[in-house]
Amino acid sequence: MNFFRKQISDFERETDGKGKNIFPFSACTWEDIGRNEIVMQKDSAFELQGTGFELFTSQSLGSDETILVGKDLADIKGDISFARVSLIELDENEDEQKAHDIVRKIEYIKYHYFPKGYMIRTNSLSSAENVRVSKKALKDGISFEHIGNMLISKYKENKNVKAVKIFFITDPSVNYGNLQKLAEKNSNVIEALDHVIRDLNLDCDACKLKAICDEVEGMKELHFKNAMK
Ligand code: SF4
């Protein structure tokens, strides 16, 4: 699963040289309330406005960690730009169909964790991810470490996930426009994977995915291999 190699190195470049706080994974002590909680405007301390996406690799990531680039929740004073990026190491899988299904399944996890006082609004058609944090949660000590631990636990319920590093980014010097573009590119690569797994049409000149295919190593070969089966 190395179709995301370029996006991973582009992502690393965006956060290179920025101060990072690293929290090794531990069992989550923040409550998951199991359903979407509505945090009303009057109860909200601030909103995180940005993007959230997953990048997959079969190269070793080492140990599970939450990595914070910028301020933690307790130190944020008003609405700010934000990004959540999950680097996920998967088992090396020879069966591309299976690997693709695993990627799709893991992507859905972002809709299925519900930290108390941390209302996540995502959009299945884009990588937008906005979060409203309640005043009560802040008073009770909520932090990105809590959210990261909860999300890592969810990912690791899938036995194909070997390691996870979750980045929360709030540093104003980060280029959020570039991260947004990276998220779009990432979703185009996943869309191309959908296509090469399912569609037998091999007309590259007429294919709207040609630009992605030309860029992502192994994508074209995978489509030809699948179509010839
Ligand atoms: S190999 Fe790539 S460009 Fe050609 S048809 Fe398949 S997805 Fe499209």
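Residues numbered from 1 in each chain as written. Predicted model: local features only at pLDDT ≥ 70, side-chain atom pairs only at ≥ 80, totals over all residues. Heavy atoms only, no water.

In this section: the site of the ligand. Surrounding the ligand, one finds His195, Val196, Asn201, Leu202, Cys204, Cys207, Lys210, Cys213, Lys220, His223 and Phe224. Judged by the proximity of its atoms to the pocket grid, the ligand belongs to the largest cavity. Listed by contribution, the elements that provide at least two residues to the shell around the ligand are helix H5 (176-198), helix H6 (210-215) and helix H7 (219-228). When residues of the shell around the ligand are assigned to their parent elements, the largest contribution, three residues, is made by H7. The residue inventory of the shell around the ligand, partitioned by class, reads six nonpolar, three polar and two charged. (Near = heavy atom within 4 Å. 1 Å grid on protein atoms, 1.4 Å probe; cavity = no way out; pocket = protein on both sides within 12 Å on 5 of 7 lines; lining within 4 Å. Sits in = over half its atoms within 2 Å of the grid points. Helix = DSSP H or I, 4+ residues; strand = E, 2+ residues; numbered from the N terminus. Nonpolar A, V, L, I, M, F, W, Y, C, P; charged D, E, K, R; others polar.)

Once that is clear, we can look at the packing of aromatic side chains. On inspection of all chains with the given rule, the structure shows six aromatic pairs. Between Phe82 and Phe144, the ring centres sit 6.3 Å apart and the planes meet at 10°, which makes this aromatic pair stacked. With Phe82 in strand S4 (residues 80-90) and Phe144 in helix H4 (residues 144-155), this pair connects stretches of sequence that are 62 residues apart. A single burial state applies to Phe82 and to Phe144, both of which are buried. The exposure class assigned to Phe144 is buried, which follows from its relative accessible area of 0%. Here a set of aromatic residues connected by ring pairs shows up, and it is made of Phe82, Phe144 and Phe168. (Phe/Tyr/Trp six-rings, centres within 6.5 Å; stacked < 30°, edge-to-face > 60°. Buried < 20%, exposed > 50% of the residue type's maximum accessible area, 1.4 Å probe, protein only.)

A word on the nonpolar core. When a protein is soluble and globular, its nonpolar side chains tend to lie buried together. The biggest cluster of nonpolar side chains holds 64 residues, and the ones touching the most others in it are Leu48 and Tyr118. A total of ten residues in this core trace back to one element, the largest contributor, which is H5. Other than its neighbours up to four places away in sequence, Leu48 contacts Leu73, Ile76, Ile80, Phe82, Tyr118, Glu129, Asn130, Val131, Val133 and Phe144. (Core = buried A, V, L, I, M, F, W, Y, C linked by side-chain atoms within 4.5 Å. Contact = heavy atoms within 4.5 Å.)

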